[in-house]
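Structural overview for review
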Amino acid sequence: MHIEEQPKKKRNVTRRQKKNLCEMTTCHIMNPPALNYSSNKPDIRGDDFYMWVNTNWVSDAKIPPYDTDYGVSDEIEDCIMKTSIRAVKECVSGAYKGTGAEAIRTLYESFLHRGKRDIDFLKCTIHDILSIHSVEGIVRHFAKLTRLRFPSVLQIQYSSYKTGMRKVLSILPDFPSLEEGFFSNSTIFNGYKHMLRSYGAEFNIPDLEKVAQIEKSLTHRFIPYLTVDAPICFGNGHTFAKKFRKIPWDVYFEELGIVNWRKTTFEYNYPTFLRKLGVALYEISLDKWKLYLCKLYILSLVEFLPGKYDDIYIKFKYLLGGQKNPMPNMNLFVNFIYNYLPDTFSRIFWDFCGDEARIEGCKELCKDIQRAARIRLKNTSWLQPATRLAAIEKINKMDFLIGKPDTWEVDTFPIFSEIFLENMFLLGDSSTKKIFERVKKNIDVWEQGIYRVNAYYYEPFNQITIPFGIITNPYYKEGKENRAWNYGSLGFTISHEMCHGFDEEGKDYDSYGQKNPWWTRADNKAYNKKTNAIIKLYEKQDIQGKHLNGDNVLSENIADIGGIGIALEALKQDIIRRKVSIDKEKDEYREFFISYAVGWRNKYRTNKLKSNIETDVHSPAYLRVNLVVCQFDEWYSAFDIQKGSKLYIDEEKRIRFF
Ligand SMILES: [Zn+2]
């Protein structure tokens, strides 16, 4: 459901240069606030802790004109972008050599010369779609879209289930459309229609605007069957042909190039959706499906179309997020490289600014957090004893991918064309082939590049990935003196991700990543009592006159409150280990919470904040600070917060998960 979906010989680089990953021009922004709070700042630490920590930053930081919000990860992404642009420029100029660099140079040439040929290329695809005369033709394009790595109704992905770590292909049904929450927002819905009408005029598809209405009615028909609770199933092509007989699987797999599909085992979910889709393929007219396909192609490529085509999209994005400008060209190109050449560019990026010490530091942090999680779980009285043991088992079995892959993949590229859009198709196609090969050879995959500023937990693998990009200031600072700081930022990020193993979804997957609900009725009852309190707490907040849907943001809020509990335990253990004095101890707890609040500093454009309330599973950043810190006794004592402060909660009412 995404509309904004788009995105050796060591070189002679000294360690000093490498550390300059963050060539921040706005250095003061990176500086943490002083621990000394008897400064001139008004003392609002107990009323709005987020603002107390971030006042200076909030008044200085600016949202780039092409963006919708701006926060710590964007600051780091900016630094990474600068390094990446430098790397790409060296590839293009020939200063950096290798097959990867050559590929980037050729792609850049075609990128610079985008124009009529690219439009004609897309028109060809549209022509192809408009001449479809059977359901088979529609399904062929579902396959083609996923083969090109664009959003599709029947996506195919790499997957692996933990037992024996066998890799399989996963068939993932989806219905890419305008976010469900926007259908009832008339400004956005009308803007969407307007955008489609404009593209319809440009590409000579007079009815394209109708897609908005088609999506609206299909969303109601499909979305209930695309819920997170659906079990993961396995079956071979034979099973598909029997179970979902209305979908012409032979055409689908033929287009993907999977010859022996009948005997191949696939992972899949949402069987009811697949059945409904089979029916809908015939019930809904071919013309409607064709319009929908045209939209999928156009919106997948629109950012890369020249001039006026992109302008139409920008107008709509303004409604969604409030940004007025398109992304600068070089940033757009680097984003394209990020998405389409993750393996190749990760390696080049590492050559430019890789730092083993930071990866080692993060590994240590992971071990500390894992240890702390075990301690916390052992003492979690609201879980049944057997459940506690199973939870500890899940923590023990958790798999970590930290920093970068152990070995780099060998680069292979298709033969490129002079037309940029065609090159996108070629690269999409070749990365799909790579996925098929990896499944065949049973190879592990880093799906995203090491330059990503994002950590994620993946239930079916019981695995946490922490790319090199996030192991950086202010999430992570090198040096022993920064231990408390690191527990509050990167340490928290790790424990937050860990808690996803115990939230709404995680509690249904066992330590092998198999769908296997492992909580007893008593656990669920105690859990629901806690979660109800959280739902109420977040729904109560007034955000520009609107209210969050507490269920929507629940998983993330649990991971925040649970994660801080675990990260605090890690700090506590570390303080015991280091025999820190009582005075110094208080300083370290302060540093921990300040680091946590710095990690969430974020500015939103009004449009973005409003649309987030309808669609985002995360609460606004300032609430992720203010509603979380006040659940912890340690915060009260570190900052001497007294009754009467706005954030004060009576001791017995504080929520603590672990
Ligand atoms: Zn999360």
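About the thresholds
Residues numbered from 1 in each chain as written. Predicted model: local features only at pLDDT ≥ 70, side-chain atom pairs only at ≥ 80, totals over all residues. Heavy atoms only, no water. Phe/Tyr/Trp six-rings, centres within 6.5 Å; stacked < 30°, edge-to-face > 60°. Helix = DSSP H or I, 4+ residues; strand = E, 2+ residues; numbered from the N terminus. Buried < 20%, exposed > 50% of the residue type's maximum accessible area, 1.4 Å probe, protein only. Lys NZ or Arg CZ within 6 Å of the ring centre and 35° of its normal. Pairing = 2+ DSSP bridges. Axes fitted to C-alpha atoms, helices over the stretch in contact; angles between N-to-C directions. Contact = heavy atoms within 4.5 Å. Core = buried A, V, L, I, M, F, W, Y, C linked by side-chain atoms within 4.5 Å. Domains from an automatic or database assignment. Donors = N, O, S within 2.8 Å, 3.2 Å for Na, K, Ca; no water. Tetrahedral: all angles 85-135°; square planar, octahedral: opposite > 155°, others 65-115°. Parallel < 35°, antiparallel > 145°, perpendicular 65-115°, else oblique. Left-handed = near helix turned anticlockwise from the far one by under 90°. Buried area = accessible area lost by both parts, 1.4 Å probe. Salt bridge = Lys/Arg side-chain N within 4 Å of Asp/Glu carboxyl O. Expected span 1.5 Å × (residues − 1).

**Here we look at the packing of aromatic side chains**
Considering all chains together, one arrives at 58 aromatic pairs under this definition. Look at Phe49 and Phe639: their rings are 5.0 Å apart centre to centre, the planes differ by 65°, and that puts the pair in the edge-to-face class. Taken together, the positions of Phe49 in helix H3 (residues 49-60) and Phe639 in helix H26 (residues 633-639) put the pair 590 residues apart, joining distant regions of the chain. For Phe639, a relative accessible area of 0% translates into the label buried. Centroid distance Phe111 to Phe420: 5.3 Å. Interplanar angle 70°. Geometry classified as edge-to-face. A residue pair is termed long-range when its members are at least 10 positions apart, and Phe111 in helix H5 (residues 99-112) and Phe420 in helix H19 (residues 420-441) qualify at 309 residues. The exposure class assigned to Phe420 is buried, which follows from its relative accessible area of 0%. In textbook terms, an aromatic cluster arises when at least three aromatic residues are bridged by ring pairs, as seen for Phe49, Trp52, Phe592, Phe593, Trp635, Tyr636, Phe639 and Tyr648. The lysine or arginine in question, Lys404, covers the ring of Trp350, its NZ or CZ lying 5.0 Å from the ring centre. One residue, Lys530, lies across the ring of Phe657, its end atom 6.0 Å from the ring centre.

**A look at the sheet that holds strand E7 (residues 456-458)**
Remark on secondary structure: sheet strands pair via backbone hydrogen bonds, oriented parallel or antiparallel. Within the open sheet, the three strands sit side by side as E6-E8-E7. Their pairing is mixed. Either end of the sheet is taken by a strand with one partner, and the two such strands are strand E6 (399-403) and E7. Taking the axes of each pair of neighbouring strands and ignoring which way they run, one obtains an average angle of 15° across the sheet. When E7 meets strand E8 (residues 463-467), the two strands line up antiparallel, connected through three bridges. Each bridged residue has a counterpart across the sheet, and for Tyr458 the counterpart in E8 is Gln463. In the packing of helix H17 (residues 356-378) onto the sheet, contacts are made with E6 and E8, and the angle to E6 comes to roughly 155°. The sheet strands contacting helix H20 (residues 483-499) are E6, E7 and E8, and the helix crosses E8 at an angle near 150°.

**Re the nonpolar core**
Judged by nonpolar contacts, the single largest core of 216 residues is most densely connected at Phe49, Tyr199, Trp249, Trp289 and Ile466. Ranked by residue count, the leading element in this core is helix H22 (residues 554-578), at 11 residues. Both domains that meet at this core, namely domain 1 (42-84 + 341-405 + 446-653) and domain 2 (136-329), each give it at least three residues.

**Points about the coordination of the zinc ion**
Those protein atoms acting as donors to the zinc ion are His496 (NE2), His500 (NE2), Glu556 (OE) and Glu556 (OE), and they sit at 2.1 to 2.7 Å. Each of the four donor atoms around the zinc ion contributes to a set of angles spanning 52 to 134°, which defines the coordination as irregular. We classify His496 as buried; its relative accessible area is 5%. Under the relative-accessibility criterion, Glu556 is labelled buried at 12%.

**Quick look at the packing of H5 against helix H16 (residues 342-353)**
At a minimum axis distance of 10 Å, the contact between H5 and H16 shows a crossing angle of 115°. One finds that H5 runs roughly perpendicular with respect to H16. The handedness of the crossing between H5 and H16 comes out as left-handed. Mapping the contact onto sequence places Gly100, Ala101 and Ile104 in H5 and Thr344, Phe345 and Ile348 in H16.

**Quick notes on the packing of helix H8 (residues 186-203) against helix H14 (residues 307-321)**
Where H8 meets H14, the axes come as close as 9 Å, and the angle between the chain directions of the two elements is 175°. What the angle tells us is that H8 and H14 run roughly antiparallel. Touching Thr187, Ile188, Gly191, Tyr192, Met195, Ser198, Tyr199, Glu202 and Phe203 of H8 are Lys308, Tyr309, Ile312, Tyr313, Phe316, Leu319 and Leu320, all from H14.

**Re the pairing of strand E4 (residues 233-236)**
Regular strands have side chains that alternate between both faces of the sheet. A one-sided burial pattern is seen for E4, the buried positions being Cys233 and Gly235 and the unburied ones Phe234 and Asn236. Inspection of the sheet shows E4 paired to strand E5 (residues 265-268) by four bridges, in the antiparallel sense. Bridged to Phe234 within E5 is Glu267.

**Things to note about the domain arrangement of the protein chain**
Assigned domains within the protein chain: domain 1 (42-84 + 341-405 + 446-653) and domain 2 (136-329). Computed from C-alpha coordinates alone, the two centres of domain 1 and domain 2 are separated by 32 Å. Taken together, the contact pairs 21 residues of domain 1 with 26 residues of domain 2. For the pair domain 1 and domain 2, the summed buried area comes to about 2,000 Å², and 54% of that belongs to carbon and sulfur atoms. Here domain 1 and domain 2 share zero salt bridges between them.

**Description of unusual backbone geometry**
In this structure, Pro474 follows Asn473 across a cis peptide bond, with omega equal to 0°. Positive phi values are uncommon outside glycine, yet Arg149 reaches one of about 70°. Inspection of the secondary structure assignment puts Arg149 in the loop between helix H7 (135-147) and strand E2 (154-161). Of note in the backbone geometry, Lys579 takes a positive phi value of approximately 50° without being a glycine. Topologically, Lys579 is positioned in the loop between H22 and helix H23 (582-599).

**Considering H22**
Across its 25 residues, H22 extends 36 Å between first and last C-alpha, which sits within 8% of the 36 Å expected from 1.5 Å per residue. H22 sits mainly inside the fold: 20 of its 25 residues count as buried.

**Considering the pairing of E5**
As paired strands, strand E3 (residues 166-173) and E5 are joined by three bridges and run parallel to one another. Looking across to E5, one finds that Leu169 is bridged to Phe266.

**A short note on the pattern of salt bridges**
A full pass over the atoms with the stated rule returns 38 salt bridges. Here Arg601 ties to Glu75 by a salt bridge, and the two come within 3.0 Å at their closest N and O atoms. Note that Arg601 is positioned in the loop between H23 and strand E9 (602-604) and Glu75 in helix H4 (residues 72-93), a separation of 526 residues in sequence. No difference in accessibility class separates Arg601 from Glu75, as the two residues are buried. Taking the shortest distance from any N to any O, the salt bridge between Arg577 and Asp368 comes out at 3.9 Å.

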